[in-house]
Number of protein chains: 2
Amino acid sequence: MSLPHAILTALLEKPSSGLELTRRFDRSIGYFWSATHQQIYRELGKLEEAGLIRALPAGQPARGQKKAYEVLPAGRAELARWTAAAQDPRPMRDTMLLRLRAAAVVGTEGIEADLRRHLELHEAQLAEYREIERRDFPPGRDGAEDRLRHLVLRAGIDLETFWTEWLRHALADFPELPDPAA
Amino acid sequence: MSLPHAILTALLEKPSSGLELTRRFDRSIGYFWSATHQQIYRELGKLEEAGLIRALPAGQPARGQKKAYEVLPAGRAELARWTAAAQDPRPMRDTMLLRLRAAAVVGTEGIEADLRRHLELHEAQLAEYREIERRDFPPGRDGAEDRLRHLVLRAGIDLETFWTEWLRHALADFPELPDPAA
DNA sequence: CCCCTTTTTGCAACTAGTTGCATAAAGCGG
DNA sequence: CCGCTTTATGCAACTAGTTGCAAAAAGGGG
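Below is a summary of the structure that appears in this document. Counting starts from 1 at the beginning of each chain's written sequence and moves along it residue by residue. All chains are assigned letters beginning at A, and all ligands numbers beginning at 1, according to the order in which they are written. For this predicted model, a pLDDT threshold of at least 70 governs which residues receive local features, and a threshold of 80 or more governs which side-chain atom pairs are given and counted, while totals over whole chains, interfaces and linings are taken from all residues. Values reported for side chains reflect all heavy atoms of the structure, with hydrogen atoms and water molecules removed beforehand.

## Re the packing of aromatic side chains
In plain terms, the rule: Two aromatic rings, drawn from Phe, Tyr or Trp (for Trp, its six-membered ring), form a pair once their centres lie within 6.5 Å of each other, and the interplanar angle then sorts them: stacked below 30 degrees, edge-to-face above 60, tilted otherwise. For a lysine, the NZ atom is tested; for an arginine, the CZ atom; a charge sits over a ring if that atom is within 6 Å of the ring centre and within 35 degrees of the ring normal.
Under the counting rule described, the total for this entry stands at 6 aromatic pairs over all chains. Of the aromatic side chains, those joined through ring pairs into one cluster are A:Phe162, A:Trp163 and A:Trp166. Here A:Arg93 stacks its cationic end above the ring of B:Trp33, 5.2 Å away from the centre of that ring.

See below:
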């Protein structure tokens, strides 16, 4: 149950409306915890009801009108509690690995094209992360907060690097493989 | 929607009962697509109803009695179709990265212990994968199926290697960090 | 000022995954 | 052969996440 905490983090970084949050999730936080706007609106409602955030007082809240939220002390406390609490890593769920395992039984026909496509996707993501690193973390600055955020970004960069290398390795192996289904 | 295909793969490798499947998920397939026994039983029911698998004819099927399943041709065809179909990688969801991002705002107090614990967990998983590699993929053999399965295992090994290194790096950085909450 | 598009918010229904518990048979110790 | 534990199967309820759609306001063009 991490979406509310992702939202609290984002709101602490900067109070925002639902749509602004959605956009920021598409760019930064969402890189490791994605969410759709529907999820976000629903969760904002719950968080407000629970007294962890509140709508910034501006015009009466109605449909089609911006409503920005800020985090209340109770929300900050809950986030601090959650951050410090022990949590097990969630088990990995990777479809491509599953498909390769299946291909070992039913044949590799057709999967190679998608491996190539995934390689391109991961290369694009890697390029995007590198651009963010270049822009937001130039060699000079290293406050504590920036260090932590940079560490997180490095995880993203290194993970994408891993996948591009692994996919390239897989593809290099591939043409030689006879097709068990043939 | 990958659980049914994970089950089809496992059943093609070897026809099994629900409990046997559960055990095999705990060991091999589950390393990259985990499932509980309740999920597995439910899915076996659906797959049977859909005509993709069937119960091996043995004693009348009743509660508390083993019931083994095998894959029917329609099931194999569906698995082949699914394996070859283009699929987007699912967005990453990592709680620890989220927590570090939160820690940049609410303070790092308490999280270090859990980083250490995660490091141990990843080290243990890595050791387990290495043991499997030593046992199941000795240098000599390299049939097509084994090559694919080995490739998948290598992904697991390299991912765990990445995480252990990243966590060690994070922890090495840590003691120097002043606590923003202090 | 009226219509059309865009922006912003949100509900409802569905799918997937998790948790908690129940029930039937089999095996074992006394 | 009676009760206790273990094995095997499964239902039901809940939580989380996704998909499809729609309504209210704002802004722009005629």
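## Concerning the relation of the copies chain B and chain A
This is how it is decided: Copies overlap after least-squares fitting; the atoms used are the C-alpha atoms of residues with pLDDT of at least 70 in both. The criterion used for residue contact is that any of the two residues' heavy atoms lie within 4.5 Å.
When chain B is brought onto chain A, the operation consists of a screw motion whose angular component is 180° and whose axial shift is 0.0 Å, with 0.0 Å RMSD remaining. These values place the two chain copies in the arrangement generated by a two-fold rotation axis. Mapped onto chain A, 100% of the interface residues of chain B again fall at the interface, so both copies present the same surface.

## Points about the pattern of salt bridges
Residue and element names in this part refer to chain A. Our working definition: For this analysis, a salt bridge means a side-chain nitrogen from Lys or Arg found within 4 Å of a carboxyl oxygen belonging to Asp or Glu. To qualify as a helix, a DSSP run of H or I must reach at least 4 residues; to qualify as a strand, a run of E must reach at least 2; elements of each kind are numbered from the N terminus. Whether a residue is buried, partly exposed or exposed follows from its accessible area with a 1.4 Å probe, protein chains only, as a fraction of its type maximum: under 20%, in between, or over 50%, in that order.
Following the criterion strictly, the structure yields 30 salt bridges over all chains and no others. One salt bridge in this structure joins Asp114 and Arg99, with 2.8 Å as the shortest N-O distance. Of this pair, Asp114 sits in helix 6 (residues 111-136) while Arg99 is found in helix 5 (residues 95-106), placing the two residues 15 residues apart along the sequence. Side by side, Asp114 and Arg99 carry an identical accessibility label, which is buried.

## Points about the pairing of strand 3 (residues 68-71) of chain B
Residues and elements named next belong to chain B. Just so we agree on the cut-off: Here, any two strands with at least 2 DSSP bridges between them count as paired.
Across 2 bridges, the pairing between strand 1 (residues 16-17) and strand 3 is antiparallel. Following the sheet pairing, Ser17 is matched in strand 3 by Ala68. Alignment of strand 2 (residues 53-55) against strand 3, held across 3 bridges, turns out to be antiparallel. The partner of Ile53 across the bridge, within strand 3, is Val71.

## Overview of helix 2 (residues 18-27) of chain B
Residue and element names in this part refer to chain B. Operational definition: Regarding the arc, it is the one traced by the directions from the helix axis to the C-beta atoms.
For helix 2, the set of buried residues is Gly18, Leu21, Thr22, Arg24 and Phe25. Mapping the buried residues of helix 2 onto a view down its axis gives an arc of 165°, with all of them on the same face. Structural note: helix 2 exposes Asp26 and Arg27 on the side pointing more than 90 degrees away from its buried face. Elements that come into contact with the buried residues of helix 2 comprise helix 1 (3-13), strand 1 and helix 3 (37-49).

## A short note on the packing of helix 2 of chain B against helix 3 of chain B
Residues and elements named next belong to chain B. Let me state the cut-off plainly: Simply put, an axis is a line fit to the C-alpha atoms, just over the touching stretch for a helix, and the angle between two N-to-C directions goes from 0 to 180 degrees. For this classification, under 35 degrees means roughly parallel, over 145 means roughly antiparallel, 65 to 115 means roughly perpendicular, and everything else is oblique. Handedness of a helix crossing follows the sense of rotation of the near helix relative to the far helix, less than a right angle counterclockwise being left-handed and clockwise being right-handed. Note that Gly is not counted as nonpolar here; it falls among the polar residues with everything else outside the nonpolar set of Ala, Val, Leu, Ile, Met, Phe, Trp, Tyr, Cys and Pro and the charged set of Asp, Glu, Lys and Arg.
Here helix 2 crosses helix 3 at 130°, and the two axes come no closer than 9 Å. Between helix 2 and helix 3, the angle is such that the two are oblique. Seen from above, helix 2 lies across helix 3 with right-handed handedness. Facing helix 2, whose interface residues are Gly18, Leu19, Leu21, Thr22 and Phe25, helix 3 presents His37, Ile40, Tyr41 and Leu44. Looking at side-chain class alone, the contact of helix 2 with helix 3 contains 6 nonpolar, 3 polar and no charged residues.

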